[in-house]
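Reading the structure
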Amino acid sequence: MENITIKINGMDVSAPAGSTILEAARLAHVEIPTLCFLKDMNEIAACRICTVEINGGKLAASCVYPINPGMEVWTNTPKLRDYRKKTLQLILSNHDRSCLSCVRSGNCELQTLCKELGVDVDDYYDGAKTPSTPDESAAHMVRDNSKCILCRRCSAVCEKVQGIGVIGPNERGFATIIGSAFDMGLGETSCVSCGQCIAVCPTGALYEKSSIDEVAAAIADRSKHVIIQTAPAVRAALGEEFGYSIGTNVEGQMVAALRRLGFDKVFDTNFSADLTIMEEAHEFIDRVQNGGVLPMITSCSPGWIKYCEHYFPDMTENLSSCKSPQQMFGAIAKSYYAEKMGLKPEDIVSVSVMPCTAKKFEIGRDDQDANGSPDVDYSMTTRELARMIKQAGIRFTELPDEEFDTPLGLGTGAAVIFGATGGVMEAALRTAVETLTGEELERPDFADVRGTEGIKEATYRVGDMDVNVAVASGLGNARELLNRVKSGEANYHFIEIMGCPGGCVNGGGQPQQPGFVHNTTDIRALRAKVLYDEDAAKTIRKSHENPAIKELYETYLGEPGSEKAHHLLHTTYVKRRVNEI
Amino acid sequence: MACKTQGVQFNGTKEQEAALKEAIALLKDTKGSLMPIMQKAQEIYGYLPIEVQTMISDETGIPLEKIYGVATFYAQFALQPKGKYQISVCLGTACYVKGSGDIFHKLEEILGITNGECTPDGKFSLDSCRCVGACGLAPVMMVNGDVYGRLTTNDIHDILAKYE
């Protein structure tokens with residue numbers, strides 16, 4: 001595309017025709033503050049913070065205003081600073097400013113802007129406030145509209161990226177409020193609990209329901225044996241909460257911090273990710289050989305599961321019956337591990353740290369309590385763990401690297417890539433191919449299913465059969481893929497679907513990054529690289545070679561798919577509707 | 001949270017449902033068809049309760065919340081049916097300075113409903129409006145076609161009694 005030259009703050013800047021002023025300014029390293037803007041997702045010029053002066057005084061929202069030849073733009077005049085400050089003051093006038101006790105204090109985008117733009121009087125325009133009551137109806141999160149600034153990022157990600165649209169702006173003018181239809185609580189809607197709305201919220205209006213106090217109380221109870229499992233994606237992002245750059249692997253320090261928090265054993269969900277592969281690969285081979293329902297679709301992502309139940313109830317038979325790695329871990333912890341340790345299931349408190357908010361919903365589902373008590377008692381997000389570490393006064397960056405405990409802390413390279421889109425598929429292929437051919441793969445890499453694209457397809461030779469696979473992440477992409485399957489346009493044997501775009505590394509429970517970072521950085525790719533690097537560096541990269549898994553089958557479960565394995569490691573699904581009244 | 005689904009019982013008929021479905025089938029593949037569909041639905045049912053909005057959502061695949069967002073943005077859409085007796089109170093400038101706000105609150109108090117709502121027995125609905133062209137009689141309210149002017153809050157009981 002041809003370039004256009006404009007003047008920004010007196011400098012000549014050349015940018016492709018069709019660029020917005022904001023994009024052209026970025027090319028020239030001129031930063032314009034933004035608040036509601038999220039690239040390709042929420043480009044609605046609602047907040048007016050990015051306003052600039054063009055052609056001698058006219059005001060325009062730079063996030064959507066296209067550049068024209070000869071245009072003169074000023075981005076930081078006294079008039080603009082005053083305008084932005086007043087805009088912030090108007091937002092503050094209808095905002096609950098209990099910042100000291102707010103969950104987002106310290107990483108709130110509104111707070112940051114007020115500081116940067118020098119808002120000195122926060123109650124200048126105070127008057128009426130739009131009435132609101134916090135919505136606590138969902139299992140995984142709270143919506144508190146008193147902290148909402150109506151930027152609509154949450155409704156944009158929910159509707160446009162996930163294709164769900166259970167929250168959006170209702171009413172009009174000063175009464176405008178983000179909510180669900182007919183003021184239903186989120187828990188009464190077809191919300192799938194993915195938490196992507198929380199991940200993009202600039203303020204404290206959306207946050208997960210915290211389990212920190214319950215977990216701390218369990219640790220303090222000496223009669224309880226408190227164990228923790230950490231999902232692969234957590235180590236790829238937790239460091240961001242402590243000042244590390246995006247894409248830093250903090251596995252060793254995370255383990256050290258968990259030990260110092262007082263957990264009796266620090267285990268790894270990678271262990272049960274390997275176990276998932278054993279069961280899932282077995283189930284897949286069984287379905288292929290015995291005429292089972294195909295395509296088989298992975299079942300690790302509870303946001304995806306709930307989506308499938310609501311939006312594709314006729315395809316729940318396609319879902320693998322395998323529990324997610326989180327739940328498999330809990331079921332094994334309260335059976336095999338409990339027996340090994342001479343503990344009763346009820347003496348164990350099983351805690352998880354997940355990059356996910358839907359995991360909080362998953363622990364309360366039916367058929368997720370194989371040993372008479374919940375497989376997992378508390379599921380925390382990566383953000384909650386960071387908060388817990390800070391509350392305990394642990395200096396995270398100074399911690400040494402430590403190793404997970406055995407035996408439930410042992411995982412392979414196949415398991416660690418579960419946290420990135422395509423990872424489960426690749427891990428399953430590694431095991432399925434070797435199981436069926438009996439030969440060792442020369443290089444256990446299936447590169448076609450890697451990468452952050454929303455939908456990926458490949459065909460692999462598995463034994464004497466060509467297996468068509470597809471991978472989708474983000475529920476909008478999942479819908480597109482499944483519609484292709486239903487129309488007969490595509491024919492797959494095995495599909496991996498993750499609820500969040502990019503997979504778990506970009507989950508709704510991961511550290512929140514400001515809009516600026518979302519707009520200028522490929523967060524998913526940086527975090528995923530951590531996992532693929534860790535996989536490449538592992539000596540054991542296939543689930544079926546995990547010695548702890550081998551021992552588990554030899555001494556306890558028998559074979560994959562055995563009756564005992566079914567009782568502990570498999571689950572059932574329900575059929576729901578989109579609109580239930 | 002309170003769900004705005006209580007109130008008057010929904011009494012949609014099979015004929016109404018068929019008419020709505022026919023209208024949706026005709027319109028739904030056109031871009032920007034949500035508003036015309038909602039207008040048609042209101043024409044058929046007189047208002048847009050959750051049952052009707054859900055039908056629109058199920059038939060079009062448009063999220064219920066999006067439909068509700070549009071329904072609550074535009075004054076032309078009603079979530080509650082109109083009563084047998086439709087009360088409108090003028091809150092235009094002349095009536096307002098003469099105390100029509102108090103009249104309105106009195107009606108809310110007596111009927112137990114607020115702006116845009118209908119009593120559960122379907123008898124009275126209450127709306128505010130802007131200027132009925134009778135400023136000389138301010139403050140003014142209307143019940144169906146009947147105009148009542150120079151009102152005080154003490155008049156309300158007797159007026160409502162006429163429609164019992």
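Residues numbered from 1 in each chain as written. Chains lettered and ligands numbered in written order. Predicted model: local features only at pLDDT ≥ 70, side-chain atom pairs only at ≥ 80, totals over all residues. Heavy atoms only, no water.

Digging into the interface of chain A and chain B
Contact with chain A, which involves 23 residues of that partner, is made by 23 residues of chain B. With both chains or domains summed, chain A and chain B bury close to 1,900 Å², and 56% of this area falls on carbon and sulfur atoms. Applying the counting rule to chain A against chain B returns two salt bridges. Taking the shortest distance from any N to any O, the salt bridge between D58 of chain B and R577 of chain A comes out at 3.7 Å. With three residues, strand β7 (residues 168-170) of chain A is the largest single contributor of residues to the side of chain A that touches chain B. Of the residues belonging to the side of chain A that touches chain B, the class tally is eight nonpolar, eight polar and seven charged. (Contact = heavy atoms within 4.5 Å. Buried area = accessible area lost by both parts, 1.4 Å probe. Salt bridge = Lys/Arg side-chain N within 4 Å of Asp/Glu carboxyl O. Helix = DSSP H or I, 4+ residues; strand = E, 2+ residues; numbered from the N terminus. Nonpolar A, V, L, I, M, F, W, Y, C, P; charged D, E, K, R; others polar.)

Topic: the domain arrangement of chain B
Under the domain assignment used here, chain B contains domain 1 (14-73) and domain 2 (85-161). Computed over C-alpha atoms, the centres of domain 1 of chain B and domain 2 of chain B are 31 Å apart. (Domains from an automatic or database assignment.)

Overview of the UniProt feature "domain: 4Fe-4S His(Cys)3-ligated-type" (unreviewed entry) in chain A
In the numbering adopted here, UniProt assigns the feature "domain: 4Fe-4S His(Cys)3-ligated-type" (unreviewed entry) to residues 79-118 of chain A. The span residues 79-118 of chain A carries 57% helix and 0% strand; its end-to-end C-alpha distance comes to 14 Å. (UniProt positions renumbered as here; feature names shortened; annotations may be inferred.)

Re the environment of T571 of chain A
All names here are of chain A. The residue T571 is located in the segment after α20 (563-569) in this model. On the accessibility criterion, T571 (8% relative accessible area) is buried. Considering only alpha carbons, one finds T571 and A231, 340 residues apart in sequence, at a separation of 20 Å. In this view, T571 contacts S321, C322, K323, D366, D367 and Q368; residues no more than four positions away in its chain are not counted. In this structure the side chain of T571 is engaged in a polar contact, spanning 3.1 Å, whose partner is the backbone oxygen of D367. (Buried < 20%, exposed > 50% of the residue type's maximum accessible area, 1.4 Å probe, protein only. Polar contact = N/O pair within 3.5 Å; in protein donor to acceptor, adjacent residues only side chain to side chain.)

Description of the packing of helix α8 (residues 251-261) of chain A against helix α13 (residues 382-391) of chain A
All names here are of chain A. The contact between α8 and α13 brings their axes to 10 Å, and the two run at 60°. The angle between α8 and α13 falls in the class oblique. The element α8 and its partner α13 pack so that their crossing is left-handed. Along its contact with α8, which presents M254, A257, L258 and L261, the element α13 presents L385, M388 and I389. Of the residues that constitute the contact of α8 with α13, the class distribution is seven nonpolar, no polar and no charged. (Axes fitted to C-alpha atoms, helices over the stretch in contact; angles between N-to-C directions. Parallel < 35°, antiparallel > 145°, perpendicular 65-115°, else oblique. Left-handed = near helix turned anticlockwise from the far one by under 90°.)

Considering the sheet that holds strand β2 (residues 11-16) of chain A
Residues and elements named next belong to chain A. The strand order β2-β1-β5-β3-β4 describes an open sheet built from five strands, whose pairing is mixed. Whereas interior strands pair on both sides, the edge strands pair on one side only; in this sheet they are β2 and β4 (58-61). Neighbour-to-neighbour, the strand axes of this sheet turn through a mean angle of 40°, independent of strand direction. Against the sheet, helix α2 (residues 78-93) engages β3 (51-54), β4 and β5 (72-74), with an angle of about 150° to β3. (Pairing = 2+ DSSP bridges.)

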